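Observations on the model geometry
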Amino acid sequence: MGACILDIDNPSMVKHRASSFILTPETWYEERGFVANVVFPCAALTDAETGRIAIYYGAADSYVGMAFTTIDEIVTFIKEHDGATDDDKNFGVM
């Protein structure tokens, strides 16, 4: 599962894109199943007070998992591993 930060006024413009995944198949239930070695986000819940994020995700198309992070952690990770190209950043420019 990848992550990016979009422009608040023009969400077709990517400001930052993580060059590595934020969630990858690592456990047996993510690696073995109907579609092996895949995780895919289904929903995310946020708590504005704490900044905590709960991400529900499909695991190997056979299970449902939940991962936790925070807004601060995810933003820091994306910016520290920024791999956005000029094409990404200019896509929504008119």
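This one's a predicted model, so the numbers in the text were calculated from it and none came from an experiment.

Definitions and cut-offs
Residues numbered from 1 in each chain as written. Predicted model: local features only at pLDDT ≥ 70, side-chain atom pairs only at ≥ 80, totals over all residues. Heavy atoms only, no water. Pairing = 2+ DSSP bridges. Helix = DSSP H or I, 4+ residues; strand = E, 2+ residues; numbered from the N terminus. Axes fitted to C-alpha atoms, helices over the stretch in contact; angles between N-to-C directions. Buried < 20%, exposed > 50% of the residue type's maximum accessible area, 1.4 Å probe, protein only. 1 Å grid on protein atoms, 1.4 Å probe; cavity = no way out; pocket = protein on both sides within 12 Å on 5 of 7 lines; lining within 4 Å. Points joined across faces, edges and corners; volume = space filled by probe spheres on them. Nonpolar A, V, L, I, M, F, W, Y, C, P; charged D, E, K, R; others polar. Core = buried A, V, L, I, M, F, W, Y, C linked by side-chain atoms within 4.5 Å. Phe/Tyr/Trp six-rings, centres within 6.5 Å; stacked < 30°, edge-to-face > 60°.

1. Some thoughts on the sheet that holds strand E5 (residues 63-70)
Pairing between the strands of a sheet is mediated by backbone hydrogen bonds and can be parallel or antiparallel. Spatially, 3 strands are ordered E3-E4-E5 in an open sheet, and the strand pairing comes out antiparallel. Across the chains shown, the open sheet's two edge strands, defined by having one partner strand only, are strand E3 (39-47) and E5. For this sheet the average axis-to-axis angle between neighbouring strands, irrespective of direction, equals 25°. Both strand E4 (residues 52-59) and E5 contribute to a ladder of 8 bridges, which runs antiparallel. The residue bridging Gly58 from the neighbouring strand is Val64, located in E5.

2. Comments concerning unusual backbone geometry
One non-glycine residue with positive phi stands out, namely Asn37, at about 55°. Here Asn37 is to be found in the loop between helix H1 (28-31) and E3. Of note in the backbone geometry, Ala60 takes a positive phi value of approximately 55° without being a glycine. Turning to its location among the elements, Ala60 is positioned in the loop between E4 and E5. On the basis of relative accessible area, Ala60 is assigned to the buried category, the value being 0%.

3. Things to note about the layout of surface pockets
Here the largest pocket is characterised by a volume of approximately 160 Å³. Around the largest pocket sit Met1, Ile22, Leu23, Ile55, Ala67, Phe68, Thr69, Glu73, Ile74 and Phe77, which together line it. For the lining of the largest pocket, the secondary-structure elements that each account for two or more residues are E5 and helix H2 (71-80). Here the lining of the largest pocket is built from residues that sort into 8 nonpolar, 1 polar and 1 charged.

4. Digging into the nonpolar core
Counting residues in hydrophobic clusters, the biggest one holds 12 residues: Met1, Ala3, Ala18, Leu23, Val39, Ile53, Ile55, Tyr57, Ala59, Ala67, Ile74 and Ile78. Every element with two or more residues in this core is listed here: E4 and H2. At 4 residues, E4 tops the list of elements feeding residues into this core.

5. Description of the pairing of E4
Looking along a regular strand, one sees the side chains alternate between the two faces of the sheet. The buried fraction of E4 is high, at 6 of 8 residues. Here 8 bridges tie E3 to E4, and the two strands are oriented antiparallel to one another. Each bridged residue has a counterpart across the sheet, and for Val39 the counterpart in E4 is Ala59. Where E3 hands over to E4, the hairpin turn is made up of 4 residues, of which Gly51 adopts a positive phi near 80°. Counting the residues that bridge the hairpin from E4 to E5 gives 3 residues, and of these Ala60 lies at a positive phi of roughly 55°.

6. Topic: the packing of aromatic side chains
Inspection of the entire model under this criterion finds 3 aromatic pairs. Note on Trp28 and Tyr63: the rings are 5.5 Å apart at their centroids and 80° apart in plane angle, and the pair reads as edge-to-face. Of this pair, Trp28 sits in helix H1 while Tyr63 sits in strand E5; the two residues are 35 residues apart in sequence, bridging distant segments of the chain. On the accessibility criterion, Trp28 (47% relative accessible area) is partly exposed. Seen from their ring centres, Tyr29 and Tyr63 are 6.3 Å apart, and the 70° between their planes marks the pair as edge-to-face. With Tyr29 in helix H1 and Tyr63 in strand E5, this residue pair connects regions lying 34 residues apart in the sequence. Its relative accessible area of 37% is what places Tyr63 among the partly exposed residues. Pairwise contacts between aromatic rings join Trp28, Tyr29 and Tyr63 into one cluster.

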